[in-house]
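What follows is each chain in one-letter form.
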Amino acid sequence: MRCWIPVCERRGRPDNMSLLSVDHLSIGYQTKKGMLKAVDNICFDLEKGQSLGFVGESGCGKTTIGMALMGLLPENAVILDGHIRFQGNDLASLTETQWQTVRGAKIAMIFQAAMNALNPVMPVNEQIKEAIITHQPDISKTDLADRMKQLFDLVDIPARRMTDYPHEYSGGMKQRAIIAMALACDPALIIADEPTTALDVIVQDQILKEIKKVQEQTRTGLVFISHDIAVVASVCERICVMYAGQIVETGTRKEVFKSPRHPYTRTLLNSYLSLDNLNDIRVPEMKESPDQTIDTDECRFAGSCAYASGCAGRSPDWIDISPTHKAFCCNPDVIRRGHGKS
Ligand SMILES: Nc1ncnc2c1ncn2[C@@H]1O[C@H](COP(=O)(O)OP(=O)(O)OP(=O)(O)O)[C@@H](O)[C@H]1O
């Protein structure tokens, strides 16, 4: 099966020059029912300073991708196929000892509800210092103090609050401290997995702006994971929409958010569109996700798709809408017509 790779980024340049290059990645979990293919033939590239969002409903495989990028897949997970190249090195072949020089230093992660992971009995600045010293044991006291000031400035925590304990911080400040900790060693790539889920809406908005600002200022690559397409669109330049382990649509923020083509993306966007926009979109009644222990090339969304017609038994393929916008479907007419009526 052909896999979409953004040719505009790869043209004239060997694969190993990308910050991150994921090729035909498939990851399974060994379960009692058999091998559950949680990630199926995923391809994407990310350059320094770029942001890429993964969005889809719970269980579509977003966290599995994030964990694979951090070398933190659980024991029953198996990389079935493909490569993850980071700065030219294949992450899938690293030993745990090698991972320790990458994880936290070159690739950092902001987990779901990570703020609860702050140590309650240690001042926040000491926890961030510890993260720096773990990867840079020879750092001088002056450089460490400079780095700490820089980090707190970057995430807008006043210097006078550096020595506070976590319980003295609000939820938003704790999450800013977690962002500072992720940035501590100046990583080239940050994976943010639902980083604002535990926060109220106003604080969520502030933290999303903070992540975007920090990512743009530091030119860090960002892989951002969320079930909320509006959240992803507010932070990321490019979006991959996932369904049942596969990417079904990818494009720039504007292309995916303003001109969704895959029937599943339209469903995801349904709750964010006004009734006017919805007039010519058929929104299906979502059925249960397909059983991913059954290995098939057939369209996984067909059972819920309001546009499915003659799709049974056929395999979807990538359909080009623009050089940066593609959708994975059996039905080119539905994809090319966009919001058009059938
Ligand atoms: N350790 C595991 N063993 C077996 N199956 C797993 C395991 N972890 C995840 N899965 C399954 O793999 C699929 C993908 O899960 P994953 O957590 O990556 O999805 P997700 O999109 O991140 O969902 P959520 O937003 O709920 O975290 C799901 O069907 C899930 O049940």
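Residues numbered from 1 in each chain as written. Predicted model: local features only at pLDDT ≥ 70, side-chain atom pairs only at ≥ 80, totals over all residues.

(A) Just the sheet that holds strand β6 (residues 107–110), in detail. Spatially, eight strands are ordered β6-β7-β8-β3-β9-β10-β12-β11 in an open sheet, and the strand pairing comes out mixed. Either end of the sheet is taken by a strand with one partner, and the two such strands are β6 and β11 (317–320). Recorded for the sheet is a direction-independent mean angle of 20° between the axes of neighbouring strands. Those strands touched by helix α6 (residues 171–183) are β6 and β7 (189–193), and its axis lies near 170° from that of β6. (Pairing = 2+ DSSP bridges. Helix = DSSP H or I, 4+ residues; strand = E, 2+ residues; numbered from the N terminus. Axes fitted to C-alpha atoms, helices over the stretch in contact; angles between N-to-C directions. Contact = placed C-beta atoms within 7 Å.)

(B) Summary view of the environment of glutamate 126. Relative to the helices and strands, glutamate 126 is located in helix α4 (residues 124–135). Under the C-beta neighbour-count criterion, glutamate 126 is labelled exposed, with 12 such atoms within 10 Å. Glutamate 126 sits 36 residues away from methionine 162 along the chain, and the two C-alpha atoms are 8.8 Å apart. (Buried ≥ 20, exposed ≤ 12 C-beta atoms within 10 Å, placed from the backbone.)

(C) Structural detail: unusual backbone geometry. Unlike most non-glycine residues, aspartate 156 shows phi in positive territory, near 60°. On the secondary structure map, aspartate 156 appears in the loop between α5 (141–154) and α6. We classify aspartate 156 as partly exposed; it has 16 C-beta atoms within 10 Å.

(D) A look at the UniProt feature "domain: ABC transporter" (unreviewed entry) in the chain. UniProt's entry tags residues 22–269 with the feature "domain: ABC transporter" (unreviewed entry), counted in the numbering of this structure. With 38% helix and 27% strand, residues 22–269 has end C-alpha atoms that lie 26 Å from one another. (UniProt positions renumbered as here; feature names shortened; annotations may be inferred.)

(E) Broad picture of the site of the ligand. Close to the ligand lie 16 residues, the nearest being Tyr29, Ala38, Ser58, Thr63 and Thr64. Elements supplying a minimum of two residues to the shell around the ligand: β1 (20–31), β2 (34–46) and α2 (62–70). (Near = placed C-beta within 6 Å.)

(F) Structural view of the sheet that holds strand β4 (residues 77–86). Strand order in the open sheet formed by four strands is β2-β1-β4-β5, with antiparallel pairing between adjacent strands. Two strands in the sheet have a free side with no partner beyond their single neighbour: β2 and β5 (89–90). Of the strands in this sheet, β1, β2 and β4 touch α2, which is tilted by about 70° from β2.

(G) Representation of the packing of α6 against helix α7 (residues 201–218). Following both chains from N to C, one finds α6 and α7 inclined at 20°, their axes separated by 10 Å at the closest point. As judged from the angle between their axes, α6 and α7 are roughly parallel. Here α6 runs over α7; the crossing is right-handed. For the pair α6 and α7, contact is made by Gly171, Gly172, Gln175, Arg176, Ile179 and Leu183 and by Val203, Gln206, Ile207, Glu210, Ile211, Val214 and Thr218, respectively. Residues belonging to the contact of α6 with α7 are distributed by class as follows: six nonpolar, five polar and two charged. (Parallel < 35°, antiparallel > 145°, perpendicular 65-115°, else oblique. Left-handed = near helix turned anticlockwise from the far one by under 90°. Nonpolar A, V, L, I, M, F, W, Y, C, P; charged D, E, K, R; others polar.)

(H) Region of the structure containing α6. Across its 13 residues, α6 extends 19 Å between first and last C-alpha, which sits within 8% of the 18 Å expected from 1.5 Å per residue. Across the 13 residues that make up α6, a large majority, twelve, are buried. Of all the positions in α6, only Gly172, Met173, Lys174, Gln175, Arg176, Ala177, Ile178, Ile179, Ala180, Met181, Ala182 and Leu183 are classed as buried. (Expected span 1.5 Å × (residues − 1).)

(I) Summary view of α5. An ideal rise of 1.5 Å per residue puts 20 Å on 14 residues; α5 measures up with 20 Å between its terminal C-alpha atoms. Just beyond α5, the residue with positive phi is aspartate 156, at close to 60°.

(J) The arrangement of the confidence of the model for the chain in detail. On average, the chain scores 87 in pLDDT, and the residues at 70 or more come to 88%. Segment residues 4–13: pLDDT under 50, and 15 contacts once partners within four positions in sequence are set aside and those in other chains are kept. Scored as a whole, the predicted complex attains pTM 0.89, and scored at its interfaces, ipTM 0.98. (pLDDT = per-residue confidence, 0-100.)

(K) Representation of the environment of valine 39 within the structure. Structurally, valine 39 can be placed in strand β2. You can call valine 39 buried: it has 28 C-beta atoms within 10 Å. Taking the C-alpha atoms as reference points, valine 39 and glycine 28, separated by eleven residues in sequence, lie 6.8 Å from one another. Each residue touching valine 39, except ones within four places of it in the same chain, is listed here: Leu25, Ser26, Ile27, Gly61, Thr64, Ile65 and Gly245.

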